[in-house]
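# Examining the three-dimensional arrangement
The lines below spell out each chain.
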Amino acid sequence: MTDSLISSAYSQALEVIASVEPRIAEATRQELADQRSSLKLIASENYASPAVLMTMGTWFSDKYAEGTVGHRFYAGCQNVDTVESLAAEHARELFGAPYAYVQPHSGIDANLVAFWSILANKVESPYLEKMQAKNVNELSEADWETLRHEFGNQRLLGMSLDAGGHLTHGFRPNISGKMFHQQQYGTDPETGLLDYDAVAAKAREFKPLVLVAGYSAYPRRVNFAKMREIADEVGAVLMVDMAHFAGLVAGKVFTGEENPVPYAHLTTTTTHKSLRGPRGGMVLAQEEFAADVDRGCPMVLGGPLSHVMAAKAVAFAEARTPAFQDYAQKVADNAKSLAEGFLTRGANLVTGGTDNHIVLLDVSSFGLTGRQAESALLDAGVVTNRNSVPADPNGAWYTSGVRLGTPALTTRGFGHDEFDTVADLIVDVLSNTGAGTTKAGGPSKASYVLGDGVADRVTSRSAEMLDKHPLYPGLVLS
Ligand code: DSN
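None of these values were measured; they are calculated from a predicted model. (Residues numbered from 1 in each chain as written. Predicted model: local features only at pLDDT ≥ 70, side-chain atom pairs only at ≥ 80, totals over all residues. Heavy atoms only, no water.)

## Here's the deal with the overall build of the protein chain
The condition that has to hold: Here a strand is any run of E in DSSP of at least two residues, a helix any run of H or I of at least four, and the numbering for each starts at the N terminus. Radius of gyration here is computed from C-alpha atoms only, and the compact-globule reference equals 2.2 Å multiplied by the residue count raised to the power 0.38. Think of it in three bands: residues with accessible area under 20% of the maximum for their type are buried, residues over 50% are exposed, and the middle band is partly exposed, with areas taken using a 1.4 Å probe on protein chains only. The criterion used for residue contact is that any of the two residues' heavy atoms lie within 4.5 Å. Accessible surface area values rest on a Shrake-Rupley calculation with a 1.4 Å probe, where residue burial reflects the displayed protein chains alone. His is not counted here, nor are the chain ends, while Lys and Arg score as positive and Asp and Glu score as negative. Throughout, a charge is located at the NZ atom of Lys, the CZ atom of Arg, the CG atom of Asp or the CD atom of Glu.
Assigned secondary structure in the protein chain consists of 20 helices and 17 strands. For the protein chain, whose C-alpha radius of gyration is 23 Å, the value lies close to the compact-globule estimate of 23 Å for 478 residues. Seen along its three principal axes, the alpha-carbon backbone of the protein chain occupies a region of about 75 × 55 × 50 Å. With 478 residues in all, the protein chain has 54% of them scored as buried. When contacts within the protein chain are restricted to residue pairs at least 6 apart in sequence, those whose partners lie at least 24 apart make up 73%. Surface exposure of the protein chain reaches about 20400 Å², of which carbon and sulfur atoms provide 53%. Here the protein chain contributes 40 positive and 55 negative side-chain charges, whose respective centroids are spaced 2 Å apart.

## Quick word on the site of the ligand
Operational definition: Summary of the distance rule: residues count as near a molecule or strand when at least one heavy atom falls within 4 Å of that molecule or strand. Side-chain atoms alone can form a polar contact between residues adjacent in sequence; in general such a contact is a pair of N or O atoms within 3.5 Å, and within protein one must be able to donate a hydrogen while the other accepts it. Under this grouping Gly is polar, as are all residues other than the nonpolar Ala, Val, Leu, Ile, Met, Phe, Trp, Tyr, Cys and Pro and the charged Asp, Glu, Lys and Arg.
Taken together, S44, H166, S216, H244, K273 and R403 are the residues near the ligand. One of the side-chain nitrogen or oxygen atoms of S44 is found 2.7 Å away from an oxygen atom of the ligand. In isolation the ligand exposes 230 Å². Once the protein is present, 62% of that is buried. A class-by-class count of the residues in the shell around the ligand yields no nonpolar, four polar and two charged.

## Considering the sheet that holds strand β15 (residues 401–405)
The following threshold applies: When DSSP finds two or more bridges between a pair of strands, those strands are recorded as paired. Each axis is a line fitted through C-alpha atoms, taken for helices only over the stretch in contact, and angles between the N-to-C directions span 0 to 180 degrees.
Here four strands make up an open sheet; going across it, the order is β11-β12-β15-β14 and the pairing antiparallel. Two strands in the sheet have a free side with no partner beyond their single neighbour: β11 (348–349) and β14 (385–387). Where strand β12 (residues 358–362) lies against β15, five bridges are found, and the strand directions are antiparallel. Within β15, the position partnered with L360 by the bridge is R403. Strands β14 and β15 of the sheet are contacted by helix α16 (residues 370–379), whose axis makes an angle of about 50° with β15.

## Focus: unusual backbone geometry
Each neighbour pair has its own omega, and for C297 with P298 the value is 15°, a cis peptide bond. Residue position: P298 is located in helix α13 (residues 296–299). One non-glycine residue, Y472, lies in positive phi territory at about 50°. Along the chain, Y472 falls in the segment after α20 (454–468). Overall, Y472 belongs to the buried group, its relative accessible area being 18%.

## Observations regarding the environment of Y64
When you line up the elements, Y64 lands in the loop between α3 (50–55) and β2 (67–68). Using a relative accessible area of 47% as the deciding quantity, one classes Y64 as partly exposed. Sequence separation between Y64 and K273 is 209 residues; the distance between their C-alpha atoms is 26 Å. Other than its neighbours up to four places away in sequence, Y64 contacts Y74, C77 and G303.

## Points about the packing of helix α1 (residues 3–18) against helix α2 (residues 22–37)
The interhelical angle for the contact between α1 and α2, taken along N-to-C directions, is 145°, at an axis separation of 7 Å. Taking contact as the criterion, the partners of L14, I17 and A18 in α1 are, on α2, P22, I24, A25, T28 and R29. A class-by-class count of the residues in the contact of α1 with α2 yields six nonpolar, one polar and one charged.

## Notes on helix α19 (residues 416–431)
The cut-off we apply is this: Between the first and last residue of a helix there are one fewer steps than residues, each counted as 1.5 Å, and that sum is the expected span.
Between its first and last C-alpha, α19 extends 23 Å over 16 residues, near the 22 Å set by a 1.5 Å rise per residue. Residues of α19 that are buried include every one of E418, F419, V422, A423, L425, I426, V427, D428, V429 and L430, and no others.

## Overview of the sheet that holds strand β8 (residues 237–241)
If you walk across this open sheet you meet the seven strands as β4-β10-β9-β8-β7-β5-β6, and the pairing is mixed. At either end of the open sheet lies a strand with only one pairing partner, and these are β4 (99–101) and β6 (181–185). Each neighbouring strand pair of the sheet contributes to a mean axis angle of 20°, computed without reference to strand direction. Across two bridges, strand β5 (residues 155–159) lies against strand β7 (residues 210–214) in parallel orientation. The residue bridging L156 from the neighbouring strand is V210, located in β7. Seen against the sheet, helix α9 (residues 196–206) touches β5, β6 and β7 and runs at an angle of roughly 160° to β6.

## With respect to the packing of aromatic side chains
So the rule is basically this: Two rings from Phe, Tyr or Trp (for Trp, the six-membered ring) form a pair when their centres are within 6.5 Å of each other. A pair whose planes differ by under 30 degrees is stacked, one over 60 is edge-to-face, and the rest are tilted. Think of it as a cone above the ring: NZ of Lys or CZ of Arg counts as a charge over the ring if it is within 6 Å of the ring centre and within 35 degrees of the ring normal.
Tallied over the entire structure, the rule returns eight aromatic pairs. With centroids separated by 5.8 Å and ring planes inclined at 65°, the aromatic side chains of Y215 and Y218 adopt a geometry described as edge-to-face. A ring pair is formed by F224 and F245, whose centres lie 5.9 Å apart and whose planes are at 20°; its orientation type is stacked. Residue F224 is located in helix α10 (residues 224–234), and its partner F245 is located in the loop between β8 and α11 (246–250); the two are separated by 21 residues in the primary sequence. Side by side, F224 and F245 carry an identical accessibility label, which is buried. In this structure an aromatic cluster arises from ring pairing among Y215, Y218, F224, F245 and F254. The aromatic ring of W397 is capped on one face by R386, whose charged end is 4.4 Å from the ring centroid.

## Digging into the pattern of salt bridges
As a reminder, the rule being used: The salt bridge definition used is simple: a Lys or Arg side-chain nitrogen within 4 Å of an Asp or Glu carboxyl oxygen.
This structure, assessed with the given rule, holds 19 salt bridges. Residues E233 and R204 are paired through a salt bridge, measuring 2.5 Å at the closest nitrogen-oxygen approach. Placement of E233 in helix α10 and of R204 in helix α9 is noted, with a sequence separation of 29 residues between them. When the shortest N-O distance is used, the salt bridge between R221 and E258 registers 3.1 Å. Of this pair, R221 sits in the loop between β7 and α10 while E258 sits in the loop between α11 and β9 (266–270); the two residues are 37 residues apart in sequence, bridging distant segments of the chain. For E258, a relative accessible area of 26% corresponds to the partly exposed category. Bridged by salt links that share partners, the residues R345, D420, D424 and R461 form one connected network.

Here is the structure:
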């Protein structure tokens, strides 16, 4: 596709939008300008291709298609069937999975579908037997009470939020921490690394139905063969949430025991992070769970977003190319360059480095909270997100860390030298930021004072790199 076609398509689309609500057209233009002019280091974000983005803007958005391919609750789904079948086929091939469910709207939805299918498949409840034999309306109140008891008292063991796990891995305030009787595993207090013996000991003691592996802020690889061994020993289902590193699996950077798909009973993911597709989720499953996963909609999810499933198919087609494998390797190489850049400048990193796409910077040595650091960096055009570090004294709101990721800027073409410069710019901002005070003059975890001229200095050095590696280089809006 030529640059002029893309430019013309978007320019005309914006004209059509402006004819109805000009402020939305303007915000859309401004978003492109902002993304072009800032250093996007949010580890969970990326830049999807124009083909993926354009696929989302069609009339597939208008179609209801609850159910699954060939078994819909609405008529007229023949084209949605084509789209969903193709997306699932591409996903199965890309990840070597027996079964793929491409309907989840997000990673949290994907995890809820996985929980549902584990409960439906593994909980031995008299309710389920009766439900197979009877009309659901004939079940008694006592049957429903049994169901609530059986489904509501299962055990889940997942990685704690401050060690790098996700909210949906059993964090107490999240529904996963309320619907399951949960316990959490952390990381070694000295090294910050996952301690498989400690996970195994906890699993032996707790005997979970579900062992969740995977992470949102752990800057290291996981050995999923070991996690499966632990699950098997205690009779648990292994569920891996690869939302963050799906692109590194698809791109064959994580292979063998670092690839979760052959080891996990269920693997969940988002499609928009390192995988560089549209915003959405997906569940990959071994055959024994497929029938229950298939009931995800309408048992757990609202109607599938057919336009997004179409864009998933396009993104998966992109991800099976050698160019994507090259990209995925660069994502990991660049994270190492970024980490080395920090270490040579004396900054502290959780686990002392990285071997995936994440660098977790502990900002307490700069005398700042994560929130202060995130805000000061944003003032200088560096977009990050604050994140807890293990045993964080500032909790999940203020935090003591800043999470950085390389997928987005690698898409723009940044390499070793640019990421070394990014480390330099971040250290420059943080070394020249002081903690502020509350209105009453006490210590504040939120306010901060950025030194004079720092934002301009950093923005101008970033602009040189951003101009050299433009976002959507051929896209010119008229
Ligand atoms: N929001 C995603 C992330 O940033 O990791 C996961 O919830």
